Amino acid sequence: MNSKKWFVALLTTLLTAAALPLTAEDNPAVKPLSGVTETTGRRDFWPARWQQKFEEARTLGDQIQVVFLGDSITHFWESNGREVFAETFPPYHTLNLGFSGDRTQHTLWIARESGIFKLIHPRLVVLMIGTNNIGWKESTPEQTVAGIQQILAAVREQAPQAKILLFAVFPRGKTADDPMRRQVEEINRGLPALADNQNIFFVDINRQLMNPDGTIDPAVMPDYLHPARAGYVVWRDAILPYLKKYVPAP
């Protein structure tokens, strides 16, 4: 085969492969990945934070009633949202398993493979994950929804006594036509079907985080991604009814 025919054959093969539908094996969002060994990005904080959180779980055990799962937005309950958190949650003995930069595959590892849920038996799990899957350009919105579905299944298996609050991925980008905003909206369109309203509840507070025209006020999200205090107040207030209903009063 001459070089021209070889090139045409190779190009045809690549185009054909690109047109095939992705399977679960092709989707990184559904493959559990430990942040302890990951080397991508600025993730060197992960092992120490994980060790700290695992020790919290080991020490407090059944005292932990509320678990937060997610990425930097959840992680930052400990910084941007610290004061709001302190007003409400400490009496319930919470465990924040949010890690900056996490994608669905990391949260899936925490829920399914890390063993941490063998140490605790929470009554409420708050989950919001997915923005980094598209932000890191690792997964499509559809693939990200599949990852979230796997996380929910893992939490239900590991903590069957817990109610799960599945939050819509928070809006990102300054305006409604931001490309990232549109991908987040694609993810969110797939999430209500994952809730059964008995054990898994879907909650969407995104309109409360935006102006009526879809823009985001810097007072709510200064970088159009991570909430400031005002954003955490909205989030806290959306959690409270479920906290009062499903978690014994401290």
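Residues numbered from 1 in each chain as written. Predicted model: local features only at pLDDT ≥ 70, side-chain atom pairs only at ≥ 80, totals over all residues. Heavy atoms only, no water.

## Side note on the overall build of the protein chain
Secondary structure assignment for the protein chain yields 9 helices and 5 strands. Beginning at the N terminus, the succession of helices and strands in the protein chain can be written as α-α-β-α-α-β-α-β-α-α-β-α-β-α. Across the 250 residues of the protein chain, 50% fall into the buried class. Here the contacts in the protein chain between residues at least 6 apart in sequence split such that 79% fall between residues at least 24 apart. (Helix = DSSP H or I, 4+ residues; strand = E, 2+ residues; numbered from the N terminus. Buried < 20%, exposed > 50% of the residue type's maximum accessible area, 1.4 Å probe, protein only. Contact = heavy atoms within 4.5 Å.)

## Remarks on the pairing of strand β2 (residues 94-98)
Taken residue by residue, a regular strand's side chains alternate between the two faces of the sheet. In terms of burial, β2 is largely enclosed, as 5 of its 5 residues are buried. A two-sided burial pattern is seen for β2, the buried positions comprising Thr94, Asn96 and Gly98 on one face and Leu95 and Leu97 on the other. Here strand β1 (residues 66-70) pairs with β2 via 5 bridges, running parallel. Note that in β2 the partner of Val66 across the bridge is Thr94. (Pairing = 2+ DSSP bridges.)

## Considering unusual backbone geometry
Phi is positive for His93, close to 55 degrees, though the residue is something other than glycine. Within the fold, His93 resides in the loop between α4 (82-88) and β2. One non-glycine residue, Tyr224, adopts positive backbone phi at about 60 degrees. Locating Tyr224 in the fold gives a position in the loop between β5 (200-203) and α9 (229-246).

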